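Secondary and tertiary structure notes
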Amino acid sequence: MGRRGWRLLALASVLSPLASTLVQCGGSPSASALAANAAVGDSFDDRYPAVGFNERFQAVQTSSAEPSRKRVATAEPTYRVASLAPQVPYQRPALREDQTTLVSLKSSAFPYLGNNPRTEQPFLNVSSGERRGHRGLGGRVYWQDETFNDNRVLIHVPKTFDVRKPGIIVVFFHGNGATLERDVRDRQLVPQQITESGVNAVLLAPQLAVDAADSSAGKFWQPGGFKRFMAESAEHLARLSGDPGAAKAFANMPVVIVGYSGGFVPTAYSLDVGGLGNRVRGVFLLDAVYGELDKFASWIANNRSAFFVSSYTRSTRRHEDELIRMLRDKGIAVSDDMDAPLKPGSVVFVATPDGVTHRDYVTHAWTEKPLKEVLVKMAETPALTRMAATAPRP
């Protein structure tokens, strides 16, 4: 056959079985082939036996109890999250408390470089070198740097005060021999009485002569002095109340002036030339009618929508009786009953019994805590505390 023939014969022997296999793949298996497979026992169930529930559950328990030591930890995907604001641990909001502080005001009573309106002479009428002072009616000299140089004001805002509601500003003029902290705050309890009254009220108490037997009014002697004081105070009251935007409300809020003992002088001049007009809705004097009767009588006669209350001991009884006569001569009704409602136009004079001391009068007069008592009675008449010239803030 030759070499070429042998090559062709070898190629044919290789291709013949492959062709047979391709023919079978393209067609159905023969019956003999199926029988052969069945005889061997190589069915689907034989190749893949079903696993029972118990076997599966046991396998899971085994897998979770004995993890493979060769397990390779795979890195969890990480995500970068943009934070809108730094996270702050939750804190329970603090309860609001009464706010009481001392603030320096340029318009407060002192220092004062003007004249004494009683004498038309300079108030500081004594000098020693560069030191200047004031010689009072009793002849004693009080030096400016010790007695008439404190422009601080005690400001008190109760925790319940709401500037959105009708309210009042109480201005307290202390008596002789007093300081704001030792006497007005701690001994006479003026801020405490305002808070305990529950009235929507705040307090301003300017320092007058520091711990001295002197009733000088300083800048409150000046025309418009009281109005300037109230205007400057409005900004500080707003900040202390927690709402700086409330200054306008405080600048129009009704005012009640309380004068104790020697505080009658700044009270009288604030009513006479202070310039606040009908914003003053009431006056309360605590054993304080030692003079300036014409100023008190004139204010009462010209402000019949306000109230006037004066309680007194034997030390001021003579002046109280004289003021009562002046008012009756003007046709103004006077009462001595503090149990009656306190209304616009009420004029009440209350005598206190023997045994009530002048020193303790701010806390013990005809009743315990008389300032608290008057504020409570005043609040029962909405017309006395209604906001003036302003609408409630939203």
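Starting afresh in each chain, residues are numbered from 1 along the sequence in its written order. Totals for whole chains, interfaces and linings use every residue, but because this is a predicted model, local features are given only for residues with pLDDT of at least 70 and side-chain atom pairs only at 80 or more, for both listing and counting. As a convention, hydrogens and water are excluded, and side-chain values are obtained from all of the structure's heavy atoms.

**Here we look at the sheet that holds strand 4 (residues 126-128)**
With antiparallel pairing, the three strands of this open sheet are ordered in space as 4-5-6. With partners counted over all chains shown, the strands left at the sheet margins are strand 4 and strand 6 (141-143), one partner each. Direction aside, the axes of adjacent strands within the sheet are offset by 35 degrees on average. If DSSP finds at least two bridges between two strands, the strands pair. In DSSP terms, a helix is any run of H or I states spanning at least four residues, a strand is any run of E spanning at least two, and both are numbered starting from the N terminus. Where strand 4 lies against strand 5 (residues 131-135), three bridges are found, and the strand directions are antiparallel. Looking across to strand 5, one finds that V126 is bridged to G133. All axes are obtained by fitting lines to C-alpha atoms, using only the stretch in contact for helices, and the reported angles, taken between N-to-C directions, cover 0 to 180 degrees.

**As for the sheet that holds strand 10 (residues 255-260)**
Pairing in this open sheet of eight strands is mixed, and the strands run 1-7-9-8-10-11-12-13 from one edge to the other. Looking at which strands have only one partner, the edges of the open sheet turn out to be strand 1 (99-104) and strand 13 (347-351). With strand direction ignored, the average angle separating the axes of adjacent strands in the sheet is 15 degrees. Alignment of strand 11 (residues 280-286) against strand 12 (residues 307-312), held across five bridges, turns out to be parallel. When the bridges of strand 12 are listed, F284 appears paired with V309.

**Some thoughts on helix 6 (residues 180-187)**
Structural remark: α-helix, 3.6 residues per turn; residues separated by three or four positions point the same way. Partly exposed describes any residue whose relative accessible area lies between the buried limit of under 20% and the exposed limit of over 50%, with all areas from a 1.4 Å probe on protein chains only and scaled to the type maximum. All buried positions along helix 6 are accounted for by L180, D183 and V184. The buried residues of helix 6 all sit within an arc of 110 degrees when viewed along its axis, so they share a single face. Backbone geometry just after helix 6 places L189 at a positive phi near 55 degrees. It is the directions from the helix axis to the C-beta atoms whose arc is reported.

**So, the packing of aromatic side chains**
What describes a pair of aromatic rings is the distance from one ring centre to the other and the angle between the planes of the rings. Centre distance within 6.5 Å is the pairing criterion for rings of Phe, Tyr and Trp, where only the six-membered ring of Trp is used; planes under 30 degrees apart are then read as stacked, over 60 as edge-to-face, and the remainder as tilted. Enumeration according to the criterion identifies 16 aromatic pairs in this entry. Aromatic side chains F110 and F148 sit 5.0 Å apart centroid to centroid with 50 degrees between the ring planes, which places their arrangement in the tilted category. With F110 in the loop between strand 1 and strand 2 (115-116) and F148 in the loop between helix 5 (144-147) and strand 7 (152-157), this pair connects stretches of sequence that are 38 residues apart. When its relative accessible area of 0% is taken as the criterion, F110 is described as buried. Overall, the relative accessible area of 0% leaves F148 in the buried class. With a centroid separation of 4.9 Å and 80 degrees between ring planes, the pair formed by F123 and F148 is classed as edge-to-face. On the criterion of sequence distance, the pair formed by F123 in the loop between strand 3 (121-122) and strand 4 and F148 in the loop between helix 5 and strand 7 is long-range, its members being 25 residues apart. F148 carries the same exposure label as F123, and that label is buried. Taken together, the ring pairs in this structure connect F110, Y112, F123, F148 and W221 into an aromatic cluster. One cation-aromatic arrangement involves K295 over Y269; the distance from NZ or CZ to the ring centre is 4.7 Å. Placement of a positive charge over a ring is assigned whenever Lys NZ or Arg CZ falls within 6 Å of the ring centre and within 35 degrees of the normal to the ring plane.

**Things to note about the side chain of S310**
In this structure, S310 sits in strand 12. At 2.9 Å, the side chain of S310 forms a polar contact with the side chain of E320. Excluding anything up to four places from it in sequence, S310 contacts L285, V289, E320, V348, F349 and V350. Polar contacts, as used here, are pairs of N or O atoms within 3.5 Å; protein pairs need one atom able to donate a hydrogen and one able to accept it. Residues neighboring in sequence count only if both atoms are side-chain atoms. Here a residue-residue contact requires only that any non-hydrogen atoms of the pair lie within 4.5 Å.

**Describing the environment of G245**
Relative to the helices and strands, G245 resides in the loop between helix 8 (225-240) and helix 9 (247-251). G245 sits ten residues away from E235 along the chain, and the two C-alpha atoms are 8.7 Å apart.

**Looking at the environment of A234**
Checked against the element boundaries, A234 lands in helix 8. You can call A234 buried: its relative accessible area is 3%. Separated by 16 residues in the primary sequence, A234 and F250 place their C-alpha atoms 5.1 Å from one another. For A234, the contacting residues outside a window of four places in its chain are A247, F250 and A251.

**A short note on unusual backbone geometry**
Here the bond from F110 into P111 is cis, since omega is 0 degrees, no more than 30 degrees from zero. Among the secondary structure elements, P111 is positioned in the loop between strand 1 and strand 2. Positive phi is not limited to glycine here, since D211 has a value of about 50 degrees. Secondary-structure assignment places D211 in the loop between strand 9 (201-206) and helix 8.

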